Amino acid sequence: MSTAPVLDAIRQLLNSHGVAFREVHHEPTLTSEQSALARGEELRVGGKALLLKGDDEQYRLFVLPADRKLDSAAIRKRLGFKRLRFANAAELESLTGLVPGSVPPFGRPILPFDLYLDEAIRSNERIAFNAGSLTDSIILPVADYLRIALPRDSFAFSALG
């Protein structure tokens, strides 16, 4: 899967729900901080999407504000896991066709994973994210994101970094 289909699928999903969004094409960004600068948004507005694998061997997508750090203990407790780990770059590429830093904060129908949202996402007016590439970002209202993202669960699994 190349990155253009992911971006196109996100555009199509947003347009089909009548969501107003802003698209920003920028230099390649490798960190949340670089992405925030390129978009002209505060770091906390960024939606950091992390693909994690539990001890049930299933991958799940977890989204938290970019200014926060993952609290893996909270996820393990909520989902009843003893172990939880990040998907490595090879697994990520194999499962999604994407590179680290380009994963958008959408599970199905964009990416084939259950989606989990950190509660702190709700405190922002907007969410901004790399949309299938390191050079394309999308920014939209959090209320619209919450309406169409269809998370399987939403709970607190982050801490201020």
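The rules behind these values
- Residues numbered from 1 in each chain as written.
- Predicted model: local features only at pLDDT ≥ 70, side-chain atom pairs only at ≥ 80, totals over all residues.
- Heavy atoms only, no water.
- Buried < 20%, exposed > 50% of the residue type's maximum accessible area, 1.4 Å probe, protein only.
- Helix = DSSP H or I, 4+ residues; strand = E, 2+ residues; numbered from the N terminus.
- Pairing = 2+ DSSP bridges.
- Arc of directions from axis to C-beta.
- Axes fitted to C-alpha atoms, helices over the stretch in contact; angles between N-to-C directions.
- Contact = heavy atoms within 4.5 Å.

(A) Here's a closer look at the pairing of strand β7 (residues 126–130). Most of β7 sits inside the fold, with four of its five residues counted as buried. Counted along the chain from β7 to the antiparallel partner strand β8 (residues 136–141), the turn is five residues long, and its residue G132 has a positive phi close to 90°.

(B) Geometry of helix α5 (residues 142–149). All of the buried residues in α5 are V142, D144, Y145, I148 and A149. Buried residues in α5, looked at end-on, bunch into an arc of 155°, giving them a common side. Taken from the residues just after α5, L150 is the one with a positive phi, measuring 50°.

(C) Structural context of the sheet that holds strand β3 (residues 59–65). An order of β5-β2-β3-β6-β9 is seen for the five strands of this open sheet, with the pairing classed as mixed. Of all strands in the sheet, those with a lone pairing partner are β5 (84–86) and β9 (153–155), marking the two edges. For this sheet the average axis-to-axis angle between neighbouring strands, irrespective of direction, equals 30°. With three bridges connecting them, strand β2 (residues 47–54) and β5 associate as antiparallel partners. Counted as the bridge partner of L52 is F86 from β5. Where helix α3 (residues 72–79) meets the sheet, its contacts fall on β2, β3, β5, β6 (114–118) and β9, and the angle it forms with β9 comes to roughly 130°.

(D) Representation of the environment of K77. Looking at the secondary structure, you find K77 in helix α3. Spatially, the C-alpha atom of K77 lies 22 Å from that of G107, the residues being 30 residues apart in sequence.

(E) How the structure looks around the sheet that holds strand β1 (residues 22–25). Taken together, the three strands give an open sheet; going across it, the order is β1-β8-β7, and neighbouring strands pair in antiparallel fashion. Only two strands of the sheet have a single partner each, and these edge strands are β1 and β7. When the angles between neighbouring strand axes are averaged without regard to direction, this sheet yields 20°. Bridge analysis of β1 against β8 gives four bridges, and the strand direction is antiparallel. What sits directly across from V24, in β8, is S137. Along the sheet, helix α2 (residues 32–39) contacts β1, β7 and β8; its crossing angle with β7, the most-contacted strand, is approximately 115°. The strands touched by α5 within the sheet are β7 and β8, with β8 carrying the most contacts at an inclination of about 100°.

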